[in-house]
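Chain by chain, the residues run as shown.
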Amino acid sequence: MAWYEKSYRRHLADMHIEDWDPEFLRDFSPETYVENLKLAHIESPMIYLQSHVGYSYFPTASGKTHAAMTSDPSPVERLIELCHREGMSVVGYYSLIYNTWAHDAHPEWRMFDRSGKSVRERTPHYRYGFCCPNNAGYREFLKTQIDEIAARFRLEGMFYDMLFWPDLCACPACRERFLRETGREIPEKEDWQDETWLLFHRKRAEWMGEFASFAASYTKEKMPGSTVEHNFASAVAGDWHGNETEWVNDSCDYAGGDLYGDLYNHSFTAKYYLNVTKNKPFEYMTGRCVESLAKHTLTKSERALGLEVMLTAAHHGASFIIDAVDPRGTMDRRVYERIGKVFERQMPYEPLFSRGEHVEDVAVFYSTLGRYDPSGSGFDSKRSSVNAVRTLIKRHVPVGVISNAMTKPLESFGVVAAPSVAGLFPEARKGLLDYVRNGGKLYFSGAGEPGLLREFFGAELLGFTRENRTYVAPRAGYEGYFSEFNREYPMPADVKQMKTRLEKGEVLATIALPYTARDEDRFASIHSDPPGIVTEYPSVVRAAYGKGEAIWSAAPLEAFDSWQYEDIFTGFLKLLGGGACTLTTDAHEGVELVLFREEGGFLLSAVDLLSANEDVNDGSFTVSIRTGSAMQARVFPSGELLPTRYGGGCSTFRVPSLSQFLAITLS
Ligand SMILES: [Zn+2]
């Protein structure tokens, strides 16, 4: 069994420390470090072999050794030995691309923008130096560093950080590679209508994937048996600039990364990792500081940290807590006591983590390469997908997140929603078309995939509206799909909508516009832009395609916040899917229910997302699960029976109380 399969409690202490002051890392104690890990019940620590600063934590010939790590063996080597003695699986940390020492020592390796300057040269006091992954000299240096690590350490795994583009690199290596592979020059400006720009965007993602493969394959060659994980956070974190995609995940034994959004972003990423990871469990990294590690002494409460850990647990993932050492190398013992208490809450549920398959009545298709909005309205695949998942969590619709790289056949999903879809890998575009042709049901929005519009509706694209505040006006007979909106009071959409001429499809709504655009001096109403002109351009259209069906909305209504949009979006999915959910409940919308199916039963987790500070819900609710035969609900792990009745194909039971987290089994 691989080390990660039974390792659900993981840890990292950030150690991006300089060495110009002899105090720095002077008090680093391997013994205290290990004591803290034990206090926190850590099974797998990730330990720094090097950092963004660039200094190695072992004697190196190729780089620079941190002044506090020059002994042989170094304190970090001693730490790893102590962890192994305690039976822990150790992963080594290494920072790619971000290497300030290498940037300063080797100007020829730097990432440059079009001005020919690196960000550290352009920006006063900028702390991070970036080396370009396309630079051959930098790659040779990395090989030597990996050789040194392989010769010195025995590690269960290697973790490589920063597999994304922190700068829009136009260094000689990038220019040469783009010319060689495409016959073109790197485009001068961002333009999502420009074919060369789109090609450059895609190439940067491909190159990052190829660089990930370079690092992983060299590591596996030199450190046989060691796993490789690249930080896969930027597949969700950040916008198109970073351009980390599933091509990086291709080189990861399991998916994991550090993210800093709210609990709905956390849940979204857990669902995404769950479906893209090559091996389970996925790993979700949570910082112990409030907001970010920048708040070095501001620690999350046991309750808040516990909520995040239990949300990962509900998705059967491994939790990974990130701390940061003090410059002197010391750690706050109280943090480890707190993490220990949090993990003591998780431990009884760990036997569930290797069981079952996540139930996903609806799959939200998130395109990592589609983090751009060709209309310029700011609603890209990520923003719209995260909000779609938020809505479905609130409405208790079992939802999964899928992507360009699919580990499950699309046919297994009743309905697929592709919010603001753009940047599809060619095989994924073909996959979606085949899915619908063979009977699948697809909702998608935006104009980022003209190929889908042409295929499903025979659409001719006529350009975006000038107005960026537009409306969706239901046609007569279709008002029932549009909450409280009608032709006189249409649905507002703060986006430019694509005007189209369609050959086929049933038009449910058309585009309506205000009297004037925001870039005109004249206006109708000084505070607002009420609807004034109803056009015949389709805004929502539905068409059969093969044995299946597609609904397209020109405006990403699933991305907007208000109950009306939630009603309309979930209504469209019901219209496509025919209704019957695997799970129905009267639980408060702040309670997330995560359902897994296993042979002969189900596993249900309930997480109160509003409980970071205190329990605000009364905590009782009824759940009905489409079990197909009579099943009995039991609280896990106590085994307490919950009275369960069976009827209409569903087993129904009442949860008497919920305090932050609860697990229930049905069998
Ligand atoms: Zn470059």
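Just so it is clear, the structure is predicted and the values come from calculations on it, not from any experiment.

Caption draft 1: Expanded view of the overall build of the protein chain. Scanning the protein chain from N- to C-terminus turns up 15 helices and 29 strands. Taken over the C-alpha trace, the protein chain has a radius of gyration of 26 Å; the compact-globule value for 667 residues is 26 Å, and the two agree within 12%. Projecting the C-alpha coordinates of the protein chain onto the three principal axes gives extents of approximately 80 × 65 × 50 Å. When the 667 residues of the protein chain are sorted by exposure, 60% land in the buried category. Of the contacts formed within the protein chain by residues at least 6 apart in sequence, a portion of 75% connects residues at least 24 apart. Surface summary for the protein chain: the accessible area is close to 25300 Å², and the carbon and sulfur share equals 49%.

Caption draft 2: Seen up close, the coordination of the zinc ion. Cys132 (SG), Cys169 (SG), Cys171 (SG) and Cys174 (SG) make up the full set of protein donors to the zinc ion, lying at 2.3 Å. Of note is the zinc ion, whose 4 donor atoms meet at the metal with angles of 101 to 117 degrees in an arrangement that counts as tetrahedral. Spacing between the donor residues of the zinc ion along the chain follows C-x36-C-x1-C-x2-C. Of the two residues, Cys132 is situated in the loop between α4 (119-122) and α5 (136-152) and Cys174 in helix α6 (residues 172-182); the sequence distance between them amounts to 42 residues. In terms of burial, Cys132 and Cys174 fall into one category: buried.

Caption draft 3: Quick peek at the side chain of Ser420. Take Ser420: it is sitting in the loop between β12 (415-418) and α13 (426-437). Accessibility expressed as a relative area gives 7% for Ser420, which makes it buried. Filtering out sequence-adjacent residues up to four positions away, Ser420 remains in contact with Phe379, Asp380, Ser381, Ser384, Ser445, Pro556 and Glu558.

Caption draft 4: Spatial organisation of the environment of Tyr218. In this fold, Tyr218 is placed in helix α7 (residues 195-222). Given a relative accessible area of 12%, Tyr218 falls into the buried group. Residues Tyr218 and Pro30 lie 188 residues apart in sequence; the distance between their C-alpha atoms is 29 Å. Not counting residues within four places of it along the chain, the set of residues in contact with Tyr218 comprises Lys143, Ile146 and Asp147.

Caption draft 5: Highlighting the pattern of salt bridges. Tallied over the full model, the rule gives 54 salt bridges. With a shortest N-O distance of 2.7 Å, Glu81 and Arg85 are connected by a salt bridge. A residue pair is termed a helical-turn pair when its members lie 3 or 4 positions apart in one helix, as Glu81 and Arg85 do in helix α2 (residues 75-85) at 4 residues. Given a relative accessible area of 39%, Glu81 falls into the partly exposed group. Note on Arg85: relative accessible area 59%, which makes it exposed.

Caption draft 6: Geometry of the environment of Arg645. Mapped onto the elements of the fold, Arg645 is located in strand β27 (residues 644-647). The contacts of Arg645, once residues within four sequence positions are left out, are Cys650, Ser651 and Thr652.

Caption draft 7: Representation of the pairing of strand β28 (residues 650-655). Most of β28 sits inside the fold, with 5 of its 6 residues counted as buried. Bridging between β27 and β28 involves 4 bridges; their strand directions are antiparallel. What sits directly across from Thr644, in β28, is Phe653. Connecting β27 to the antiparallel partner β28 that follows it, the hairpin turn spans 2 residues, and Gly648 within it adopts a positive phi of roughly 60 degrees.

Caption draft 8: Spatial organisation of unusual backbone geometry. Of note, the amide linkage connecting Asp72 to Pro73 takes the cis form, showing an omega dihedral of 5 degrees. The omega torsion across Phe636 and Pro637 is 5 degrees, close enough to zero to call that bond cis. Its place among the elements puts Pro637 in the loop between β25 (633-636) and β26 (641-642). Backbone geometry at His125 places phi at a positive 65 degrees, although glycine is not the residue there. Looking at where His125 falls in the secondary structure, it is placed in the loop between α4 and α5.

Caption draft 9: Just the packing of helix α1 (residues 30-39) against α2, in detail. It is at 9 Å that the axes of α1 and α2 come closest, and there the two elements cross at 35 degrees. In this structure, α1 crosses over α2, and the sense of that crossing is right-handed. In contact with Pro30, Glu31, Tyr33, Val34 and Leu37 of α1, α2 contributes Pro75, Arg78, Leu79, Leu82 and Cys83. Grouping the amino acids of the contact of α1 with α2 by side-chain chemistry returns 8 nonpolar, no polar and 2 charged.

Caption draft 10: View of the nonpolar core. Met15 and Leu96 are the most contacted members of the largest nonpolar core, which totals 171 residues. Of the residues forming this core, the biggest block, 10 residues, is contributed by α7. Discounting residues that sit within four places of it in the chain, Met15 has contacts with Leu25, Phe28, Tyr48, Ser51, Tyr57, Met69, Val76 and Val325. Leu432, Phe456, Ala459 and Ala550 belong to the second-largest nonpolar core, a separate cluster that totals 32 residues.

Caption draft 11: Layout of helix α14 (residues 450-457). Within α14, the full set of buried residues consists of Leu452, Leu453, Phe456 and Phe457. Take α14 and look down its axis: the buried residues cluster within an arc of 100 degrees, on one side only. At its buried positions, α14 is contacted by α13, β13 (441-445), β14 (460-464), β19 (531-545) and β20 (548-553).

Caption draft 12: The arrangement of the layout of surface pockets in detail. Reported here for the largest pocket is a volume of approximately 1400 Å³. Looking at the largest pocket, it is lined by 46 residues, and the ones nearest its centre are Asp14, His16, His52, Tyr128 and Met162. Contributions of two or more residues to the lining of the largest pocket are made by β1 (9-14), β4 (157-161) and β8 (318-324). Here the lining of the largest pocket is composed, by residue class, of 28 nonpolar, 10 polar and 8 charged. Elements with a contribution of two residues or more to the lining of the second largest pocket: α7, α13, α14 and β14. Counting residues per element, the lining of the second largest pocket draws most heavily on α7, at 5 residues. Residue composition of the lining of the second largest pocket, by class: 13 nonpolar, 5 polar and 5 charged.

What counts and how
Residues numbered from 1 in each chain as written. Predicted model: local features only at pLDDT ≥ 70, side-chain atom pairs only at ≥ 80, totals over all residues. Heavy atoms only, no water. Helix = DSSP H or I, 4+ residues; strand = E, 2+ residues; numbered from the N terminus. Rg over C-alpha atoms; globule rule 2.2 N^0.38 Å. Buried < 20%, exposed > 50% of the residue type's maximum accessible area, 1.4 Å probe, protein only. Contact = heavy atoms within 4.5 Å. Areas by Shrake-Rupley, 256 points an atom, 1.4 Å probe, with all protein chains shown as cover. Donors = N, O, S within 2.8 Å, 3.2 Å for Na, K, Ca; no water. Tetrahedral: all angles 85-135°; square planar, octahedral: opposite > 155°, others 65-115°. Salt bridge = Lys/Arg side-chain N within 4 Å of Asp/Glu carboxyl O. Pairing = 2+ DSSP bridges. Axes fitted to C-alpha atoms, helices over the stretch in contact; angles between N-to-C directions. Left-handed = near helix turned anticlockwise from the far one by under 90°. Nonpolar A, V, L, I, M, F, W, Y, C, P; charged D, E, K, R; others polar. Core = buried A, V, L, I, M, F, W, Y, C linked by side-chain atoms within 4.5 Å. Arc of directions from axis to C-beta. 1 Å grid on protein atoms, 1.4 Å probe; cavity = no way out; pocket = protein on both sides within 12 Å on 5 of 7 lines; lining within 4 Å. Points joined across faces, edges and corners; volume = space filled by probe spheres on them.

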